[in-house]
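Here's the letter readout for the chains.
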Amino acid sequence: MIHTVRSLFVSAAATALAAAAVLSGCSGLTGSAPGNDLDDPAKKRLAMQLVSSAENSSLDWKAQYAYIEDIGDGRGYTAGIIGFCSGTGDMLAVVERYAAARPGNPLERYLPALRAVRGSDAHTGLGRPFTGAWARAAADPAFRSAQDAERDQTYFDPSVGRAKDDGLSALGQFIYYDAYVMHGQGDTDGSVGFATIRREALAEADPPGRGGDEKRYLHAFLDARVAAIRKEPSHTDTSRVETAQRVFVREGRLQLETPLRWRVYGESFHISR
């Protein structure tokens, strides 16, 4: 957190502005200033590195366009820059976007199979031919753009927008985004979604948009998220929260100020700038 030294004597106009900020539930530390939000290009790249450290054990998030495997979480294949899944339907959405942009591409023939396996962990009609085609497609800018667009429309934009409405800083916006990526927006069989996590957090603390303290609210949100993770047999490790995001909250890095140091699933990461 960056502190600024202010003169003891401030103008009446500055005082009025400060009072207005307090009354509106905002402050200079909420991330509302231009360029401080997570959709600032530099902050967004940082967010992608943080997500990639948890999803792929790497800070090289751009290398993950080609990634695909079944990690045994009941969602079928997990792939791409944020872990699109064949079982949840967002992988299907990526391939549909790609087909619209590049008709006749090698993945288009798998659309019927992807529609058929949605809602299950089945590989029927997919298998190695599909995973190989996915990995090769990553060389095509149109395929990478399809992944980017699905990430933004389904995960990044709604989570960051919700966080801004709650008056959260870049760190809070990232915490919302990562929860969207891992849990989805709504509850599903065997998992707790973002909406429920946020509702439980709001029962414990108010966010800045409602006049609350941001760090207290973020701890409440992370508490609710830890509880959600522990309800999923395939996601019992809570280090994504406890030794990463909660560390940033405790350090007061509400603007995701670098350097950042964290651990996820036993691995250490560092971003210097």
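Residues numbered from 1 in each chain as written. Predicted model: local features only at pLDDT ≥ 70, side-chain atom pairs only at ≥ 80, totals over all residues. Heavy atoms only, no water.

Undergrad: Go over the overall build of the protein chain with me, naming the residues and quoting the values.
TA: Within the protein chain, the regular secondary structure consists of ten helices and five strands. Going through the 273 residues of the protein chain one by one, you find that 50% of them count as buried. Of the contacts made within the protein chain by residues no fewer than 6 positions apart, 58% connect residues no fewer than 24 positions apart. With the model as given, the accessible surface of the protein chain reaches about 12800 Å², and the carbon-plus-sulfur share is 52%. (Helix = DSSP H or I, 4+ residues; strand = E, 2+ residues; numbered from the N terminus. Buried < 20%, exposed > 50% of the residue type's maximum accessible area, 1.4 Å probe, protein only. Contact = heavy atoms within 4.5 Å. Areas by Shrake-Rupley, 256 points an atom, 1.4 Å probe, with all protein chains shown as cover.)

Undergrad: Explain the sheet that holds strand E3 (residues 84–85) to me, using residue names and the numbers behind them.
TA: The antiparallel open sheet is built from three strands, whose spatial order is E1-E2-E3. Because the sheet does not close on itself, it has two edges, and the strands there are strand E1 (68–70) and E3. Both E1 and strand E2 (residues 77–79) contribute to a ladder of three bridges, which runs antiparallel. Among the inter-strand pairings, Glu69 is bridged to a residue of E2, identified as Thr78. Against the sheet, helix H5 (residues 127–137) engages E1 and E2, with an angle of about 10° to E2. (Pairing = 2+ DSSP bridges. Axes fitted to C-alpha atoms, helices over the stretch in contact; angles between N-to-C directions.)

Undergrad: Just give me the short version of the pattern of salt bridges, but keep the residues and values in it.
TA: Enumeration over the complete set of coordinates arrives at 18 salt bridges. A salt bridge links Lys164 to Asp37, with the nearest nitrogen and oxygen atoms 3.9 Å apart. Taken together, the positions of Lys164 in helix H6 (residues 141–165) and Asp37 in the loop between helix H1 (12–23) and helix H2 (41–56) put the pair 127 residues apart, joining distant regions of the chain. The exposure class of Asp37 is buried, given its relative accessible area of 12%. Among the salt bridges present, the one from Asp178 reaches Arg225, with a minimum N-O distance of 2.7 Å. Of the two residues, Asp178 is situated in helix H7 (residues 170–183) and Arg225 in helix H9 (residues 214–230); the sequence distance between them amounts to 47 residues. Here Asp178 matches Arg225 in class, with each residue buried. (Salt bridge = Lys/Arg side-chain N within 4 Å of Asp/Glu carboxyl O.)

Undergrad: Residues and numbers for the environment of Ala142, please.
TA: The residue Ala142 is located in helix H6 in this model. In this structure Ala142 comes out as buried when scored by relative accessible area, which is 14%.

Undergrad: How would you summarise the side chain of Glu150 if you had to cite specific residues and measurements?
TA: Along the chain, Glu150 turns up in helix H6. Overall, the relative accessible area of 5% leaves Glu150 in the buried class. At 3.0 Å, the side chain of Glu150 and the side chain of Arg97 are in polar contact. Contact partners of Glu150, with chain neighbours within four places excluded, come to Phe84, Asp90, Ala93, Val94, Arg97 and Tyr155. (Polar contact = N/O pair within 3.5 Å; in protein donor to acceptor, adjacent residues only side chain to side chain.)

Nothing here speaks to function; it is geometry throughout.
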